[in-house]
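Coordinate inspection notes
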Amino acid sequence: MAIAVTAIAGCSGSGAQGSAPTTSTANSGGQAHAAPTESNPPGDIPDNQVYVAYRPAGGSFTGFTVKVPEGWSRTVRGGTTTFTDKLNTITITSAPATTAPTTASVAADVVPKVRTQTPKFAAPKVSEVTRHAGRAILLTYQGDSAKDPVTGKVVRDAFERYAYFRSGHEVNLTLSGPVNADNVDPWRIVSDSVTWR
């Protein structure tokens with residue numbers, strides 16, 4: 001009997017510190033095994049998020065669509081369209097281009113420009129990736145968000161900037177959210193959804 005109790009206590013205590021599980025069970029009437037309440041880190045996009053196709057109505061190039069999260073706020077300023085929700089942002093721009101971007105051109109031309117526009121710019125990395133629309137140049141980096149007008153807080157953001165090229169036009173898709181947010185899958189859905197028309 002004593003051996004069985006010791007074995008059970010040992011199994012239930014694995015992965016926890018000290019004898020907290022035994023004490024907790026005794027004090028809570030056996031509810032220590034209840035599932036913990038999940039709390040997503042700030043900026044996490046829900047797994048059940050619905051995406052809708054966005055097609056620019058104006059600007060220098062309208063020959064593409066991209067999926068964006070349904071319900072996000074949209075702002076259009078000149079040739080830039082921005083979608084925001086809480087701490088996450090998607091920015092879409094397009095411009096005429098004579099040649100396709102390369103890792104070298106992004107490192108030489110884009111990185112210095114982004115550095116001057118991003119507070120506490122850090123950790124730039126340029127690479128070539130393949131998405132549904134074809135080859136793209138990816139620039140990842142970190143920087144501080146703008147100060148929240150209500151709370152005054154500043155969030156450390158992670159950025160993914162994709163540069164696509166088609167028929168003399170470059171489309172840039174920038175995705176940003178808190179560094180600790182797990183948005184790998186949502187950002188892959190968006191960046192892989194660019195479709196030429």
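Let us look at the overall build of the chain. Broken down by element type, the chain carries 4 helices and 10 strands. Going from N to C terminus, the chain has its helices and strands arranged as α-α-β-β-β-β-β-α-β-β-β-β-α-β. Every one of the 197 residues in the chain was classed for burial, and the buried ones make up 34%. Counted over contacts in the chain with a minimum sequence separation of 6, partners at least 24 positions apart contribute 48%. Accessible surface, the chain: about 12000 Å² in total, of which carbon and sulfur atoms supply 53%.

On to the packing of aromatic side chains, then. Taken as a whole, this structure holds 6 aromatic pairs when the rule is applied. Both rings, one in Phe-121 and one in Tyr-141, keep their centres 5.2 Å apart while their planes meet at 35°; by these two values the pair is tilted. Of this pair, Phe-121 sits in the loop between α3 (103-117) and β6 (122-131) while Tyr-141 sits in strand β7 (residues 134-144), placing them 20 residues apart in sequence. Both residues of the pair, Phe-121 and Tyr-141, count as buried.

As a further point, take the pattern of salt bridges. Summed over the entire model, instances satisfying the criterion amount to 4 salt bridges. Between Asp-85 and Lys-86 there is a salt bridge; the shortest N-O distance is 3.6 Å. For the salt bridge of Asp-144 with Arg-156, the shortest nitrogen-to-oxygen distance reads 2.9 Å. Placement of the pair is Asp-144 in strand β7 and Arg-156 in strand β8 (residues 156-166), with a sequence separation of 12 residues.

This part is about the sheet that holds strand β9 (residues 169-178). One open sheet holds the 7 strands; their spatial order is β3-β4-β5-β9-β8-β7-β6, and the pairing between them is antiparallel. The open sheet has two edge strands with one neighbour each: β3 (73-77) and β6. For this sheet, the mean inter-axis angle between neighbouring strands, taken without regard to orientation, is 15°. As paired elements, strand β5 (residues 88-96) and β9 share 8 bridges and run antiparallel to each other. Residue pairing across strands places Ala-95 opposite Glu-170, the latter belonging to β9. Sitting on the sheet, α3 touches β6, β7 and β8, and the angle it makes with β6 is about 140°.

With a phi close to 55°, Lys-120 is a non-glycine residue in the positive phi region. With respect to the helices and strands, the residue Lys-120 is situated in the loop between α3 and β6. The exposed category is assigned to Lys-120, whose relative accessible area is 63%. Despite not being glycine, Ala-123 has its phi angle at roughly 55°, a positive value. Relative to the helices and strands, Ala-123 resides in strand β6.

Below, the discussion takes up the nonpolar core. In terms of nonpolar packing, the biggest core is built from 24 residues, with Val-66, Ile-90, Ile-92, Tyr-164, Leu-173, Val-190 and Trp-196 touching the most fellow members. Where this core is concerned, the elements lending two or more residues are β1 (51-54), β2 (64-69), β5, β7, β8, β9 and α4 (184-191). With residues up to four places along the chain from it excluded, the contact list for Val-66 reads Val-52, Ala-53, Tyr-54, Ile-92, Leu-173, Val-190, Ser-193 and Val-194.

Here the focus is the side chain of Glu-170. The residue Glu-170 is located in strand β9 in this model. For the buried residue Glu-170, which engages in no salt bridge, the nearest side chain bearing the opposite charge is Arg-161, 4.2 Å off. One polar contact links Glu-170 to Asn-172, side chain to side chain, over a distance of 3.3 Å. With sequence-adjacent residues up to four places away left out, Glu-170 is seen in contact with Thr-93, Ser-94, Ala-95, Ala-97, Pro-101, Arg-161, Ala-163, Tyr-164 and Phe-165.

Right, let's get into the sheet that holds β2. With antiparallel pairing, the 3 strands of this open sheet are ordered in space as β1-β2-β10. Either end of the sheet is taken by a strand with one partner, and the two such strands are β1 and β10 (195-196). Bridge analysis of β1 against β2 gives 4 bridges, and the strand direction is antiparallel. Residue pairing across strands places Tyr-54 opposite Val-66, the latter belonging to β2.

Our focus in this paragraph is the side chain of His-169. Relative to the helices and strands, His-169 resides in strand β9. Those residues in contact with His-169 that sit more than four places away from it in its chain are Ser-60, Phe-61, Ala-95, Pro-96, Ala-97 and Tyr-164.

What counts as what
Sequence order as written defines the numbering, with residues in each chain counted from 1. Local features are withheld for residues below a pLDDT of 70 in this predicted model, meaning they are given only at 70 or higher, and side-chain atom pairs are given and counted only at 80 or more; totals for whole chains, interfaces and linings count all residues. To get the side-chain values, all heavy atoms of the structure are used, and hydrogens and water are removed first. Here a strand is any run of E in DSSP of at least two residues, a helix any run of H or I of at least four, and the numbering for each starts at the N terminus. Categorising residues by exposure relies on relative accessible area from a 1.4 Å probe, with only protein chains included: less than 20% of the type maximum marks a residue as buried, more than 50% marks it as exposed, and the intermediate range marks it as partly exposed. Should any heavy atoms of two residues lie within 4.5 Å, those residues are counted as being in contact. Values of accessible area rely on a 1.4 Å probe in the Shrake-Rupley scheme; residue burial ignores everything except the protein chains shown. To pair, rings of Phe, Tyr and Trp, with the six-membered ring standing in for Trp, must have centres within 6.5 Å; the planes then decide the type, stacked if under 30 degrees apart, edge-to-face if over 60, and tilted in the middle. Salt bridges are defined by distance alone: a side-chain nitrogen of Lys or Arg within 4 Å of a carboxyl oxygen of Asp or Glu. Any two strands are treated as partners once DSSP identifies two or more bridges connecting them. The axes used here are C-alpha line fits, helices contributing only the stretch in contact, and every angle between their N-to-C directions lies in the interval 0 to 180 degrees. Definition of nonpolar core: a set of buried residues of the types Ala, Val, Leu, Ile, Met, Phe, Trp, Tyr and Cys, connected through side-chain atoms within 4.5 Å. His is not counted, nor are the chain ends; Lys and Arg add positive charge and Asp and Glu add negative charge. Here a polar contact is taken to be a pair of N or O atoms separated by no more than 3.5 Å, where protein atoms must pair a possible hydrogen donor with a possible acceptor and residues adjacent in sequence count only if both atoms sit in side chains.

On their own, these measurements won't tell you what the molecule is for.
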